[in-house]
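Single-letter residue listing:
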Amino acid sequence: MNSKKVTIVMYHYVRDLKHSRYPEIKGLDISLFYEQIMFLKKHYKFITMEMLIDSFENGSALPDKSVLLTFDDAYSDHFEYVFPFLDKHKIQGSFFPPVKAISEHTVLDVNKIHFILAAESDKSKIISEIKNELDKFRKEYNLDDISVYYNKLAKANRFDTADVIFIKRLLQVELEESLRKIITNNLFEKIVGIDESSFSRELYMDTEQIQCMNRNGMHIGSHGYDHYWLGSLDEQKQRIEIEKAIEFLILIGSDIDNWTMCYPYGNYNETTIELLKEYNCKLAFTTVVNVADIQRDNRYALPRLDTNDIPKDKDAAPGDWFLKC
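Calculation rules
- Residues numbered from 1 in each chain as written.
- Predicted model: local features only at pLDDT ≥ 70, side-chain atom pairs only at ≥ 80, totals over all residues.
- Heavy atoms only, no water.
- Salt bridge = Lys/Arg side-chain N within 4 Å of Asp/Glu carboxyl O.
- Helix = DSSP H or I, 4+ residues; strand = E, 2+ residues; numbered from the N terminus.
- Buried < 20%, exposed > 50% of the residue type's maximum accessible area, 1.4 Å probe, protein only.
- 1 Å grid on protein atoms, 1.4 Å probe; cavity = no way out; pocket = protein on both sides within 12 Å on 5 of 7 lines; lining within 4 Å.
- Points joined across faces, edges and corners; volume = space filled by probe spheres on them.
- Nonpolar A, V, L, I, M, F, W, Y, C, P; charged D, E, K, R; others polar.
- Pairing = 2+ DSSP bridges.
- Core = buried A, V, L, I, M, F, W, Y, C linked by side-chain atoms within 4.5 Å.
- Contact = heavy atoms within 4.5 Å.

Okay, the pattern of salt bridges next. With the rule as written, the count across this model stands at 23 salt bridges. Between D72 and R304 there is a salt bridge whose closest N-O contact spans 3.0 Å. On the criterion of sequence distance, the pair formed by D72 in strand β7 (residues 66-72) and R304 in strand β13 (residues 302-306) is long-range, its members being 232 residues apart. Taking the relative accessible area as the measure of exposure, D72 reaches 2% and is therefore buried. Between K181 and D109 there is a salt bridge, with the nearest N and O atoms lying 3.0 Å from each other. Taken together, the positions of K181 in helix α9 (residues 177-192) and D109 in helix α5 (residues 109-119) put the pair 72 residues apart, joining distant regions of the chain. Overlapping salt bridges bring together K26, D160 and K168 as one network.

Structure follows, in structure tokens:
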């Protein structure tokens, strides 16, 4: 049976959580990843990015219950744990590296925030530190009291508490970019306490590792250069982000005729889509939660399921998302 639907699964941290320095990081333990892949192997048909592109380009049908695996942010865990397992089982993964973190040995602000949260179990202490920072910069940046921001932003979602969402949104979006960076850097230095360049080299894959995966059949796509919320940038800044990302794809040997984009934070706008068309991007992926439908969905706004939406037991019964694909 052939289908026009595909389940696209999104992964971030996949690591040996119990034996890591940050067991509280919100990631998937490698043992559960192995179980999940075996579950998918039992109930789905793995496809490649090239098969998905061909379906959009030429109308080719996909196998019934198709599944595509995507991995954001190019963590070193992906090379150490994920790649060997996928290679062993002849499964293609699609990996989306943020270029600046790899080429300049910086740590993405979003990752700094993750490890600030993982390094301090009492989130009220982090909020207290944020209050001190806001008080310090109140006059210079014309800031409101922390209670104003908290009431606006602290809305729990299916994965995070209200306190965690407040910390993330304040430091990722709400404050002016220059201030967000200052406060995030101050918190990272105080709470995590590791040199950024050293931490980056530990956290992310390097260019040679990405090239190795590319040579061995993995798909390498774009995750932007600076990992910005693309929809917040003007056209010229978005263009720079895309051009620098394409330069990196050329460097590592990715198939530039079939390049794809995974939006940082799932964020984009109509300008982004028009630019992707101009640069001949084939597909782009969001963080919208759904099974992708080739006949219905915009190829530049494809939804994905989170790893938490899929069973992590090879013997588990298929759930509701299985019935929708």
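Any space left empty among the atoms is revealed by the rolling of a water-sized probe across them. Its boundaries defined by the atoms lining it, the largest pocket holds a volume of some 1,100 Å³. Looking at the largest pocket, it is lined by 41 residues, and the ones nearest its centre are H12, H114, F159, D160 and K168. Contributions of two or more residues to the lining of the largest pocket are made by β2 (5-11), α5, α8 (162-174), β11 (283-289) and β13. Residues of the lining of the largest pocket, tallied by class, amount to 17 nonpolar, 12 polar and 12 charged. Considered as a void within the structure, the second largest pocket measures approximately 440 Å³ in volume. In terms of lining, the second largest pocket is formed by 24 residues, of which the most central are D109, E177, R180, K181 and Y228.

As a further point, take the pairing of β2. Counting buried positions along β2 yields six of seven residues, so the element is predominantly enclosed. Pairing between β2 and strand β12 (residues 292-293): two bridges, direction antiparallel. Considered in β12, the bridge of K5 is made with D293. For β2 and β7, the ladder comprises six bridges, and the chain directions are parallel. Directly across from V9, in β7, lies its bridge partner L69. Bridge count between β2 and β13: two bridges; the pairing is parallel. Pairing of V9 across the sheet is with L305, part of β13.

Y11, F33 and L69 are the most contacted members of the largest nonpolar core, which totals 89 residues. The element best represented in this core is α5, accounting for six residues. Those residues in contact with F33 that lie beyond four places of it in its chain are Y11, V14, L28, F71, V82, F85 and L86. In this structure, M49, F56, L68 and A292 belong to the second largest nonpolar core, which totals 16 residues.

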